[in-house]
Amino acid sequence: MKAGWQAGDVLLCTDWTLLRLFPPLRASWALVGAQAVVPITGINAKRVLFGAIDLRTAHRIVLIRRHARQADAQAFLGELRRRYRRAGQIWLLADRASAHTAPQTLAVATQLRIRFLWLPKQAPELSPMDQLWRELKRLIAANRQAESIDALAADAAAWLLTLTPQQARRKAAMTSSRFWLKSLLQHFWLPT
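Nothing here was measured: the structure is a model prediction, and the numbers come from that model.

A. Quick peek at the pairing of strand β3 (residues 60–65). Bridging between strand β2 (residues 46–54) and β3 involves six bridges; their strand directions are antiparallel. From the neighbouring strand, L49 faces β3, where its bridge partner is I64. Remark: five residues form the turn of the hairpin made by β2 and β3, two consecutive strands paired antiparallel; A58 in that turn has positive phi of roughly 70°.

B. Up close: the sheet that holds strand β4 (residues 90–94). Across the sheet, which stays open at both edges, the five strands sit in the order β3-β2-β1-β4-β5 with mixed pairing between neighbours. Each having just a single partner strand, β3 and β5 (114–118) make up the two edges of the open sheet. Pairwise comparison of adjacent strand axes, ignoring direction, gives a mean angle of 25° for this sheet. Note that strand β1 (residues 10–20) and β4 share four bridges and pair parallel.

C. Here's a closer look at the pairing of β1. Taken across its eleven residues, β1 has eight buried, putting it largely inside the fold. Relative to β2, β1 is paired through nine bridges, and the arrangement is antiparallel. The partner of C13 across the bridge, within β2, is I53.

D. Representation of the packing of aromatic side chains in the model. Enumeration according to the criterion identifies three aromatic pairs in this entry. Between F116 and W118, the ring centres sit 4.7 Å apart and the planes meet at 5°, which makes this aromatic pair stacked. Taking the relative accessible area as the measure of exposure, F116 reaches 14% and is therefore buried. For W118, a relative accessible area of 29% gives the class partly exposed. An aromatic cluster of three or more residues is present, and its members are W16, F50 and F76.

E. Up close: the packing of helix α1 (residues 70–83) against helix α3 (residues 103–111). Between α1 and α3, whose axes approach to 9 Å, the crossing angle comes to 10°. Here α3 runs roughly parallel to α1, going by the angle between their axes. Residues Q70, Q74 and L77 of α1 lie in contact with α3, whose contacting residues are Q104, T105, V108 and A109. Its residues assigned to classes, the contact of α1 with α3 shows three nonpolar, four polar and no charged.

F. Seen up close, the confidence of the model for the protein. For the protein, mean pLDDT is 85; residues scoring 70 or higher make up 82% of the total. The spread of mean pLDDT over the elements of the protein runs between helix α7 (residues 182–188), the lowest at 63, and β3, the highest at 98.

Calculation notes
- Residues numbered from 1 in each chain as written.
- Predicted model: local features only at pLDDT ≥ 70, side-chain atom pairs only at ≥ 80, totals over all residues.
- Heavy atoms only, no water.
- Pairing = 2+ DSSP bridges.
- Helix = DSSP H or I, 4+ residues; strand = E, 2+ residues; numbered from the N terminus.
- Axes fitted to C-alpha atoms, helices over the stretch in contact; angles between N-to-C directions.
- Buried < 20%, exposed > 50% of the residue type's maximum accessible area, 1.4 Å probe, protein only.
- Phe/Tyr/Trp six-rings, centres within 6.5 Å; stacked < 30°, edge-to-face > 60°.
- Parallel < 35°, antiparallel > 145°, perpendicular 65-115°, else oblique.
- Contact = heavy atoms within 4.5 Å.
- Nonpolar A, V, L, I, M, F, W, Y, C, P; charged D, E, K, R; others polar.
- pLDDT = per-residue confidence, 0-100.

Structure, rendered in structure tokens:
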């Protein structure tokens, strides 16, 4: 394993989010004196979206799974390596979710030349992927129930993947003057 950053390495930020068929409720507009109505079927299902954003290029990767278990996290690591097969080391900013910190997951990461860089606990504001998930849920899932959980997951993945790099950077708060990695990115990786 390489000791430090080398040419050809990539820096990604990863996170996963849970989508439920039962919609998250958010503030919405309604006529004065009337309550906003959110029709639901009463049926609930879930999907997990694993996602990563390249902090240099804003390229995004999404994998839809049924669970967020170790095997699912390991499948996502495999997908990252497949997508970045020519890259050297993959440096992965991640939270300390148990699926990430499991010894088997760490062993798979080592085999795939992926090194985790741990974000502080309870600090979702530091994760660009967490910011993208928040915006995705607001625009795609809130206050309406999708036809099916698979349709919702597909719509969510399509929304994330069709953003332009500039839109993704902005929605992930990476263009903010207060983005905590701004100095690092400006010195080492200018956006392409």
